[in-house]
Amino acid sequence: MSTADRRPIRRALISVFDKTGIADLARALAGAGAEIVSTGSTAATIRDAGVEVTEVEAVTGFPEMLDGRVKTLHPRIHGGILADQRLDSHREQLAAHDIAPFDLVVVNLYPFADTVAAGGSPAEIIEKIDVGGPSMVRGAAKNFASLAVVVEPEGYAQAARAAAAGGFTLAERRELAAIAFQVTADYDTAIADWMLGQVEGAEQESTDEGADSPLSPTHLLDISDQEAAELGFTTTLRYGENPHQRARLAVPDEDDPGLAGAELLGGKPMSFNNYVDADAAARAAFDHDQPCVVVMKHNNPCGVAVAAEGEDIARAHARAHGTDPVSAYGGVIAANRPVTLAMAEQVGPVFTEVILAPGYEDAALELLRRKKNLRILQVPERPRTGMEIRHIWGGSLVQDVDAIDAAGDDPAQWTLAAGDAADPATLADLAFAWRAVRSAKSNAILLARDSAAVGIGMGQVNRLDSCRLAVTRANTLGEHAEGEAAPERSRGAVAASDAFFPFADGAQILIDAGVRAIVQPGGSIRDEEVIEACRAAGVTMYLTGTRHFAH
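Since the model is a prediction, treat every value here as computed from it, not as a measurement.

**Q** Even after reading the chapter, I still don't get the overall build of the chain, so can you show me in this structure?
**A** Within the chain, the regular secondary structure consists of 21 helices and 21 strands. Relative to its full complement of 551 residues, the chain shows a buried share of 49%. In the chain, the proportion of contacts linking residues at least 24 apart, taken out of those at least 6 apart, comes to 57%. As displayed, the chain offers around 25,600 Å² of accessible surface, 52% of which is attributable to carbon and sulfur atoms.

**Q** Would you mind going over the pattern of salt bridges with me for this structure?
**A** Any two side chains of opposite charge can pair, on the condition that their charged atoms come close. The full count for this structure, using the stated rule, is 19 salt bridges. Close ionic contact of Asp84 with Arg86 constitutes a salt bridge, the shortest N to O distance being 2.8 Å. A relative accessible area of 12% places Asp84 in the buried class. Each of Asp287, Asp402 and Arg438 takes part in one network of salt bridges that share partners.

**Q** Explanation requested: the nonpolar core in the structure shown.
**A** The nonpolar side chains of a soluble globular protein tend to be buried with one another. Within the largest apolar cluster, 46 residues are counted, with the highest numbers of intra-cluster contacts made by Leu356, Leu377, Leu430 and Leu446. Element by element, the count of residues in this core is highest for helix 13 (residues 272-286), at eight residues. With sequence-adjacent residues up to four places away left out, Leu377 is seen in contact with Leu259, Ala262, Glu263, Leu264, Met270, Val354, Ile355, Leu356, Ala357 and Tyr360. By size, the runner-up hydrophobic cluster in this structure holds 27 residues, among which are Ala417, Ala418, Ala495 and Cys534.

**Q** Can you walk me through a nonpolar patch on the surface in this structure?
**A** A grouping of Met387, Ile389 and Val398 is seen on the molecular surface, where their side chains present a nonpolar patch of about 230 Å² in accessible area. Mapped onto the secondary structure, Met387 falls in strand 14 (residues 387-392).

**Q** What am I meant to see in the packing of helix 19 (residues 463-476) against helix 20 (residues 504-512) here?
**A** The description of two helices packed together rests on the angle between their axes and the distance between the axes. Look at helix 19 against helix 20: their axes get within 9 Å of each other, and the N-to-C directions meet at 10°. By the angle between their axes, helix 19 is roughly parallel relative to helix 20. In this structure, helix 19 contributes Leu464, Cys467, Arg468 and Val471 to the contact, and helix 20 contributes Asp505, Gly506, Ile509 and Leu510. Counted by class, the contact of helix 19 with helix 20 contains five nonpolar, one polar and two charged residues.

**Q** How should helix 18 (residues 424-437) be read in this particular structure?
**A** The periodicity of an α-helix, 3.6 residues per turn, causes residues three or four places apart in sequence to face the same way. Compared with the 20 Å implied by 1.5 Å per residue over 14 residues, the 20 Å span of helix 18 between its first and last C-alpha is a close match. The set of residues buried in helix 18 consists of Thr426, Asp429, Leu430, Phe432, Ala433, Trp434, Ala436 and Val437. The secondary structure elements touched by the buried residues of helix 18 are strand 10 (300-306), strand 17 (445-449), strand 18 (452-457), strand 19 (494-497), strand 20 (517-520) and strand 21 (540-543). At the N-terminal end of helix 18, a side-chain oxygen is found 3.0 Å from the backbone nitrogen of Ala425, two or three residues along, and the residue is Asp423.

**Q** Just checking my understanding: could you explain the confidence of the model for the chain for this structure?
**A** Detailed conclusions should not be drawn from predicted coordinates in areas where pLDDT is low. In this model, the chain carries a mean pLDDT of 84, and residues with pLDDT of at least 70 account for 88%. A low-confidence stretch, residues 200-215 (pLDDT under 50), is modelled with 31 contacts involving residues beyond four sequence positions or located in other chains.

**Q** Explain unusual backbone geometry to me, please; I cannot follow it from the model alone.
**A** Excluding glycine, residues mostly carry a negative phi; peptide bonds, for their part, are mostly trans. Cis peptide bonds are those with omega within 30 degrees of zero, and the linkage from Ser442 to Asn443 qualifies with -5°. Even without glycine at this site, Asp98 takes up a positive phi of about 55°. When you line up the elements, Asp98 lands in the loop between helix 5 (88-96) and strand 4 (104-108). Given the relative accessible area of 63%, Asp98 is considered exposed. Positive phi outside glycine occurs at Asp450, with the angle close to 55°. Relative to the assigned elements, Asp450 resides in the loop between strand 17 and strand 18. Here Asp450 falls in the exposed class, since its relative accessible area comes to 55%.

**Q** Even after reading the chapter, I still don't get the sheet that holds strand 3 (residues 54-55), so can you show me in this structure?
**A** Taking strand neighbours across the sheet as the criterion, the five strands line up as 3-2-1-4-5 in an open arrangement whose pairing is parallel. Looking along the sheet, the strands with just one partner apiece sit at the ends: strand 3 and strand 5 (148-150). Relative to strand 5, strand 4 is paired through three bridges, and the arrangement is parallel. By the bridge assignment, Val106 is partnered in strand 5 with Val150.

Here is what the cut-offs are and how they apply
Residues numbered from 1 in each chain as written. Predicted model: local features only at pLDDT ≥ 70, side-chain atom pairs only at ≥ 80, totals over all residues. Heavy atoms only, no water. Helix = DSSP H or I, 4+ residues; strand = E, 2+ residues; numbered from the N terminus. Buried < 20%, exposed > 50% of the residue type's maximum accessible area, 1.4 Å probe, protein only. Contact = heavy atoms within 4.5 Å. Areas by Shrake-Rupley, 256 points an atom, 1.4 Å probe, with all protein chains shown as cover. Salt bridge = Lys/Arg side-chain N within 4 Å of Asp/Glu carboxyl O. Core = buried A, V, L, I, M, F, W, Y, C linked by side-chain atoms within 4.5 Å. Patch = residues over 30% accessible without salt bridge, like charges linked within 9 Å, V, L, I, M, F, W, Y side chains within 5 Å. Axes fitted to C-alpha atoms, helices over the stretch in contact; angles between N-to-C directions. Parallel < 35°, antiparallel > 145°, perpendicular 65-115°, else oblique. Nonpolar A, V, L, I, M, F, W, Y, C, P; charged D, E, K, R; others polar. Expected span 1.5 Å × (residues − 1). Polar contact = N/O pair within 3.5 Å; in protein donor to acceptor, adjacent residues only side chain to side chain. pLDDT = per-residue confidence, 0-100. Pairing = 2+ DSSP bridges.

Here it is as structure tokens:
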């Protein structure tokens, strides 16, 4: 590693609420020759450790004010943090005002989320909204070219090593800055969520739908298992999406826990990825009113099929598995009806991570429990609609759950744009395909026949590739329920597209593959070109006016 861009730590500013490990860090910094400037109780901790420290008020010339609300908000502090030491003009201004620059800022913030979780009063919670701390952190992170910022006790050992080695490298300072901005973003999100709850008149412990947990995401990961259990919010998972990521399961509404509170009837505990796939599978299966089975893999369906009302759910499973038997290996199976012995016998030979359903026949459960690694979940009758939240850097996105309930989801409301009106069997296949394509990631194309998917193209960056993928999968990967190969399954199939075709070329791929009817939202400026391609081929096309695009 190049040391040319290291900046020696000659002067450090330390102001922390959590004093864990701070004495050891102060000793290491002092041992490397750094001057330490600190605030009140932090300075006392450092002094008690036998390390020389300068109080902030000795630097600013002002004592702490307003019950500690004002300590570090002063040009002699922030000038030392924000000065770009690469610039002659900045160095000259510091010299003119007798301000020394900082090379390291070590700050952790007031425990806002802890105070909310502990049931603090509004006044107590407001006093735990840190102002000076985030200001120092953001200033130091912005100025990573000149100094380093450490915001977590886990970073103290690295800071001690850097002090001994001549300072942090530029790459290390940039990485620390990114971590700092993430911490302040999470902190501000937790404050905003609580404030919004106050504005809406929610109580602090409110878990009403659409209100975020009063615990910030970072806090949920940092608290102990015992604290989590006492709060009733979380269950520790082995790890997150990857082994190096921490993870917990939050259950904010114990009266309506859904999948998060599903009963584990057999097998190992659920993992983070198991929950993600199981959630997608359950939503996809319950999108259908008829008995339905979905095989989900990596949050995308590799098989979907329905059986007639009164038929054994095993029929739907056999046909869903036949969509893509190769990808079904290691998948998650969801059924919207109780699992029968016949279905359990079909599942048995296939390595499956999770199976979930609203119930199980006794004999089916006994058979499935013989597979020690198969997680068996019993879930409520139907996932509840409502709101869903997706966290982004610095904030959260909230939206209604996409459900099959818009006017455009009713075939009776579709517009026939090309070809002859579909006969009842074809229209039923189109209706099935339209419901099923919603569960695939965009761009999504789903081919179906006899109320079973035969080829799915999903997650591509253009619709052409999704069309090609759906056709290829239909004609190379599938099999009939009886197990024999099913070549050329695209011929005579119907197709659904989750969003409009921007050009006619995607639809033409489906037409050339033998698709006899297509359903899509419409709305492209080139709709007429797409429709004309279907007219020329004698292919039926319906427009729904509704989109089910899913990232």
